[in-house]
Structures are given as structure tokens and as C-alpha cells.
Amino acid sequence: MKGSKSLKRELDFKVSKPFTVGAELEVQLVDRDTFSLSDSSEIVLQNLPSELKGVVQPEVLTSMVEIVTPVCEKPDEVVYYIKKSLQEIDRIGEDYGFRVSALGTHTFAKKEETNITAKERYLKLLQELQILLRQFLIYGLHVHVGFPDKELAVKAYNMVINYLPVFLGISASSPFFYGEFTGLHSYRTKIFEQLPRAGIPEYFDNFSQFEDLYFRLQEGGFIESIKDIWWDVRIHPDLGTIELRVCDSNPEIERLEFIIALFQGLSFLAQESDIPRFYHQILKQNKWNATRYSLSGKFIDKDRTTTIKRKTYSIINYLQTRGIFKSLKTDKRIEKLKKILERKTVSEKMIMVYKKTGDIRVVESLGFVET
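Scoring rules and cut-offs
- Residues numbered from 1 in each chain as written.
- Predicted model: local features only at pLDDT ≥ 70, side-chain atom pairs only at ≥ 80, totals over all residues.
- Heavy atoms only, no water.
- Helix = DSSP H or I, 4+ residues; strand = E, 2+ residues; numbered from the N terminus.
- Rg over C-alpha atoms; globule rule 2.2 N^0.38 Å.
- Buried < 20%, exposed > 50% of the residue type's maximum accessible area, 1.4 Å probe, protein only.
- Contact = heavy atoms within 4.5 Å.
- Areas by Shrake-Rupley, 256 points an atom, 1.4 Å probe, with all protein chains shown as cover.
- Lys, Arg positive; Asp, Glu negative; His and termini not counted.
- Charge placed at Lys NZ, Arg CZ, Asp CG, Glu CD.
- Polar contact = N/O pair within 3.5 Å; in protein donor to acceptor, adjacent residues only side chain to side chain.
- Core = buried A, V, L, I, M, F, W, Y, C linked by side-chain atoms within 4.5 Å.
- Salt bridge = Lys/Arg side-chain N within 4 Å of Asp/Glu carboxyl O.

Trainee: Provide a residue-level description of the overall build of the protein chain, including the pertinent values.
Mentor: Secondary structure summary: the protein chain contains 15 helices and 13 strands in total. Radius of gyration (C-alpha) of the protein chain: 20 Å, near the 21 Å computed for a compact globule of 371 residues. Across its three principal axes, the protein chain shows a C-alpha extent of roughly 55 × 50 × 40 Å. Split into buried and exposed, the 371 residues of the protein chain put 57% on the buried side. Put simply, 78% of the contacts in the protein chain that link residues at least 6 apart link residues at least 24 apart. Roughly 15,800 Å² of accessible area belongs to the protein chain as shown, and the carbon and sulfur atoms make up 48% of that amount. In the protein chain, 53 positive and 51 negative side-chain charges are present, and the distance between their average locations comes to 4 Å.

Trainee: Tell me about the side chain of Asp228, residues and numbers included.
Mentor: Relative to the assigned elements, Asp228 resides in the loop between helix H8 (207–219) and strand S9 (230–231). With a relative accessible area of 2%, Asp228 lands in the buried category. Polar side-chain contacts of Asp228 include one of 2.8 Å to the backbone nitrogen of Glu224.

Trainee: Account for the nonpolar core, with residues named and values stated.
Mentor: Membership of the largest hydrophobic core comes to 90 residues, with the highest contact counts inside it found for Ile82, Ile89, Phe167, Ile235, Ile242 and Leu244. Broken down by element, the residue count for this core peaks at eleven residues, all from helix H9 (residues 253–269). Phe167 has contacts with Val160, Leu244, Val246, Cys247, Ile259, Leu262, Phe263 and Leu266, leaving out every residue within four places of it along the chain. In this structure, Leu126, Leu195, Val346 and Phe368 belong to the second largest nonpolar core, which totals 31 residues.

Trainee: Lay out the side chain of Glu211 with the relevant residues and their values.
Mentor: The residue Glu211 is located in helix H8 in this model. One buried charged residue, Glu211, remains without a salt bridge, the closest side chain of opposite sign being Lys150 at 4.8 Å. If we ignore the near neighbours within four places in the chain, the residues touching Glu211 are Arg9, Glu10 and Leu11.

Trainee: Explain the pattern of salt bridges residue by residue, including any values.
Mentor: Tallied over the entire structure, the rule returns 22 salt bridges. Lys124 is the salt-bridge partner of Glu224, the closest N and O atoms lying 3.4 Å from each other. Taken together, the residues Glu224 in the loop between H8 and S9 and Lys124 in helix H3 (residues 120–129) connect sequence positions 100 residues apart. The partly exposed category is assigned to Glu224, whose relative accessible area is 38%. Through salt bridges with shared partners, a single ionic network connects Lys190, Glu193, Asp232 and Lys287.

Below, the structure written as C-alpha cells:
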């Protein structure tokens, strides 16, 4: 990548309405009969109704698309757009022999069977990343929360770094890759971590520290924009948001809403709380525990060790006690959504089905979204 010609040392943070939300969901397009990947993204894009033309977008592989919602006030509005888009993609697929699946990896496809979308950005990435990008049969959920001020965004970003394993554990849906059971609940996570500028980021004391790092990378010719920084959570000045990126894609609509509502709630809490900082090795260990065991993994907290599931319950209860969900007008929904924690995660269901059937294609079908 070429270095920046500009010597500008200040990033423009485009302020957003406080705590508005949006999401990006990457999904697979698979053959309706064999469940193999289907290079059908162009068919989807050409046949969308006008109201979804800006919502469903191409992605790095021709066998996937990304649903990019508008800015919304509440999580249930976000999932409305996701659900509507998924329904429309499946409707188009009925005529062309494919359907949509929302898992963190395709369960049995190989890199030799994939094609890179012929966009300049993706071709540049391919030139730089080589085999790493070719094996990117992975799909994620990204969630944005808006902020009116860059320093407030930094506070929320620091808060969320501590709880990345919670979001990963809730969303885990990628225990299979290249037709094998990996033994992990989110193998997508380990694939993504191979990239430079990916994984758990560092804390920042203020926005200026983030700017300094950004410009060092840009002036060195390693990045062109914020899109080339792939942290598990990142500050997104161009949108005036912080963006959660650690989650696997997931086929359960209510689970998606739960993740969005929890991320929004933590972002709100950060504005009125001191932010604890964990040792980086503790952050890595906690993330590994979610990667390996989803919600059953251990969570090393400041004063004790618990499980990720129990930590999630405690966060929700604390947010409820502080009246955060009530302030965000999501309190009634959260009472219903937190019951998701009583269910098996998608990764747990996939592993259980595989042990019963031994059929990897049946496992892939668990990514089909009930719309």
C-alpha cells in the first residue's frame, strides 16, 4: 500500500447521535442441495428490491454478502433490517438454487473453491495477505454504537476491551473448518488473528494516543484508512462510533439483538464509570477461554475467577440495577433476551449434532436462518 501524501496529524471524528446503533452481518451463500458455497453475490445484488440496494453489499468472496443496516435508535430496529434482508436473499435464492447461512466459518469448503470479489481494495489485500486472505472462509458480526464526542468514544472502547470474551462466547458458531471438528468453539477467531493489526487492541488514555498510532501506521504505508485496522473493537472516526468486531456471524435473530443491546448498554455505562484495565495476558487468556469453550469458558475478573456465562449475567444485572437499559428504552426487551443465556450456543448445538450424526452437511444447515 502507498503511504499517505498528507501530513495531517489530526483525525476528524464525525460525531454521532449518542448511543445510536447499527450492524454489519457477513453471511454465506450456499447451494440449496449440497450446502457448498455458491458464487451468487452478483445474482443477489442484481435482484434486490430498491429499498435494500444500499443495505446488502458485496464482500471479499463472491460466495458471501454483507448486510449493512442504517443507523437505528434501538437494537430491535437493527435486527428488523437484518431479518428483512435475509428473507429477501433467501427469496432470490429460491429461483437460483442457493440460500443464506450465518455461521462463523463454512464447515467444509476449501480455499481452492473460493473466488475473491474483483474490487480494487480486495485485490490489494490479496496481494499483501496472500494465502491468509484465500483461506478467509470466515464470517462475522460487527456492531456500531454512536458517540457525540471522541473522548467518550475512547472510554467506551476501553470498557469493551475487558469484555470481548462475553461477546465472543455468546456468538460462537465456528467449531468446524475444512470439514474437520477443530475442537474450538470459534475457529474463525484464530484465523482472523493471523492478520497484522488484528486481535485484542491496546487501551488508550485519550484520543490523541489513538491518533498517534494511526498516523504512524499510515505514514509507514501499512494502512490507507481505518478499514485497514482489524481490531476486535475499534474506534471508527469516519462514522463517529466504536465498532465491536469480535463476534462470529450467527443465525439466531434474538441472539443478534441481545449482543447489540449488551454492547449498547456497556457503551452507555462507560460514560459514568471508571474503566478497570486488565493485564494484556489476562485479556488474551479470557479470549482464548471463549474461543475454546464459548460461554462455558472461565473468566478471570479483577477479584475472582468465574465463567463467561456467569460474568455475562452479572454484567446484565449490574446494567439493570444502574437503570442503563431503562435509559436506553431497551429494558423490556432485555428481560426476554437474557433468557438466551439459558440456551445452548450455536457452537454447542453444532458439536452436539456432529457427534450424533457425523454429517458435516447437516451441521452446515444449522446456519440457515429461520426468518
